[in-house]
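Architecture and fold: a report
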Amino acid sequence: MEKIAKKLTQYILREQVICEDDFEVYKYEFQIALESSVCIAICLIIAIWTQLFIEGLLFWVFFFNIRSYSGGIHMKTYGKCLASSCIVFFLGIFITRYGNFNLNLLILIDIVVIYILWGYGQAQNNGDKKAEIYFREKLRKRLVIAGIGVMILRGLELKSYLEICTYVLFIVCGSLVIGEAKKRFVSR
């Protein structure tokens, strides 16, 4: 991916779309976009294969909107990130396909997880207080929207959609807890 990102960046540099000073930033952004696209494509193929395309889309909408601001564990290599993301996605689709959860239990889990994310979630900001406030505010807005969304899904009794949303919230919260535990363990 890095080679492709470098070639794309060299091309836009040659075409004078960017200046030399911006080369590394654009290369990094291209690499992230390419890597994310591969992961999403694989996961959407899984969603189509399992005939749960809407649930797959809902997974990514929920996941990106909350995970981007909540913080959590990060893998050290793209391969590990891709594998873990696809596994997490597949498990979510599997649970949606074969799970049989009580709607009220799902709402209870959502309330607990949103509460935890509300109080503890925020993306890494390296001690920047301004960034901390920004990320926390963005996360909380998204959690309010997520909370309203899951209540609507509950009211409409759209069980598979509610299950995938609950799963995403649970996974994001789990990632946050694992990430925090890892940070504390490593800092000892």
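Keep in mind it's a predicted model, so treat the numbers as computed, not measured. (Residues numbered from 1 in each chain as written. Predicted model: local features only at pLDDT ≥ 70, side-chain atom pairs only at ≥ 80, totals over all residues. Heavy atoms only, no water.)

Here we take up the overall build of the protein. Secondary structure assignment for the protein yields seven helices and zero strands. When the helices and strands of the protein are listed from N to C terminus, the series reads α-α-α-α-α-α-α. Overall, the C-alpha framework of the protein stretches about 55 × 40 × 30 Å when taken along its three principal axes. For the protein, with 188 residues in total, the buried portion stands at 35%. (Helix = DSSP H or I, 4+ residues; strand = E, 2+ residues; numbered from the N terminus. Buried < 20%, exposed > 50% of the residue type's maximum accessible area, 1.4 Å probe, protein only.)

With that settled, consider the nonpolar core. Counting 38 residues, the largest nonpolar core has Phe59, Trp60, Phe62, Ile66, Phe89, Leu117 and Leu169 as the members making the most contacts within it. Taken together, the elements giving at least two residues each to this core come down to helix H2 (23–49), helix H3 (53–70), helix H4 (78–98), helix H5 (103–120), helix H6 (129–155) and helix H7 (159–186). Residues within four places of phenylalanine 89 in sequence aside, it is in contact with Cys43, Ile46, Ala47, Gly56, Phe59 and Trp60. (Core = buried A, V, L, I, M, F, W, Y, C linked by side-chain atoms within 4.5 Å. Contact = heavy atoms within 4.5 Å.)

Turning next to the pattern of salt bridges. With the rule as written, the count across this model stands at four salt bridges. The residue glutamate 2 makes a salt bridge to lysine 27 at a minimum N-O spacing of 3.4 Å. With a gap of 25 residues between them, glutamate 2 in helix H1 (residues 2–14) and lysine 27 in helix H2 connect regions that are remote in the sequence. Owing to a relative accessible area of 13%, lysine 27 belongs among the buried residues under this scheme. Measuring nitrogen to oxygen at the nearest pair gives 3.5 Å for the salt bridge that ties lysine 141 to glutamate 137. A residue pair is termed a helical-turn pair when its members lie 3 or 4 positions apart in one helix, as lysine 141 and glutamate 137 do in helix H6 at four residues. (Salt bridge = Lys/Arg side-chain N within 4 Å of Asp/Glu carboxyl O.)

Here H5 spans 26 Å end to end across 18 residues, near enough to the 26 Å set by a 1.5 Å rise per residue. Of all the residues in H5, the buried ones are Leu103, Leu106, Ile107, Asp110, Val113, Ile114 and Leu117. Each buried residue of H5 lies within a common arc of 135° when the element is viewed along its axis, so the set occupies one face. Away from its buried face by more than 90 degrees, H5 exposes Leu108, Ile111, Tyr115 and Tyr120. (Expected span 1.5 Å × (residues − 1). Arc of directions from axis to C-beta.)

A few words now on the environment of valine 38. In this structure, valine 38 sits in helix H2. For valine 38, a relative accessible area of 29% puts it in the partly exposed group. Put simply, valine 38 and methionine 1 are 37 residues apart on the chain and 9.9 Å apart in space, counted from C-alpha to C-alpha. The residues contacting valine 38, other than those within four sequence positions of it, are Met1, Tyr78 and Leu82.

We now examine the packing of aromatic side chains. Applying the stated criterion across every chain yields a total of 12 aromatic pairs. Relative to tyrosine 98, the ring of phenylalanine 94 lies with its centre 4.9 Å away and its plane at 50°, an arrangement referred to as tilted. Of this pair, phenylalanine 94 and tyrosine 98 both sit in helix H4, separated by four residues, roughly a single helical turn. Here phenylalanine 94 falls in the partly exposed class, since its relative accessible area comes to 42%. Residue class for tyrosine 98 comes out exposed when judged on its relative accessible area of 60%. (Phe/Tyr/Trp six-rings, centres within 6.5 Å; stacked < 30°, edge-to-face > 60°.)

Look at H2 against H3: their axes get within 7 Å of each other, and the N-to-C directions meet at 145°. Where H2 crosses over H3, the two elements pack in a sense that is right-handed. Along its contact with H2, which presents Cys39, Ile40, Cys43, Leu44, Ala47 and Ile48, the element H3 presents Phe53, Gly56, Leu57, Trp60 and Phe64. (Axes fitted to C-alpha atoms, helices over the stretch in contact; angles between N-to-C directions. Left-handed = near helix turned anticlockwise from the far one by under 90°.)

Glancing now at a positive patch on the surface. Together, Lys3, Lys6, Lys7 and Arg14 make up a region of like positive charge exposed at the surface. Within the element layout of this structure, lysine 3 appears in helix H1. (Patch = residues over 30% accessible without salt bridge, like charges linked within 9 Å, V, L, I, M, F, W, Y side chains within 5 Å. Areas by Shrake-Rupley, 256 points an atom, 1.4 Å probe, with all protein chains shown as cover. Lys, Arg positive; Asp, Glu negative; His and termini not counted. Charge placed at Lys NZ, Arg CZ, Asp CG, Glu CD.)

A separate point is H2. Look at H2: 39 Å from first C-alpha to last across 27 residues, which is about the 39 Å you get at 1.5 Å a residue. For H2, the full list of buried residues reads Phe23, Lys27, Gln31, Glu35, Cys39, Cys43, Leu44, Ile46 and Ala47. On its buried face, H2 sits against H1, H3 and H4. Glutamine 51 sits one or two positions beyond H2 and adopts a positive phi of about 60°.

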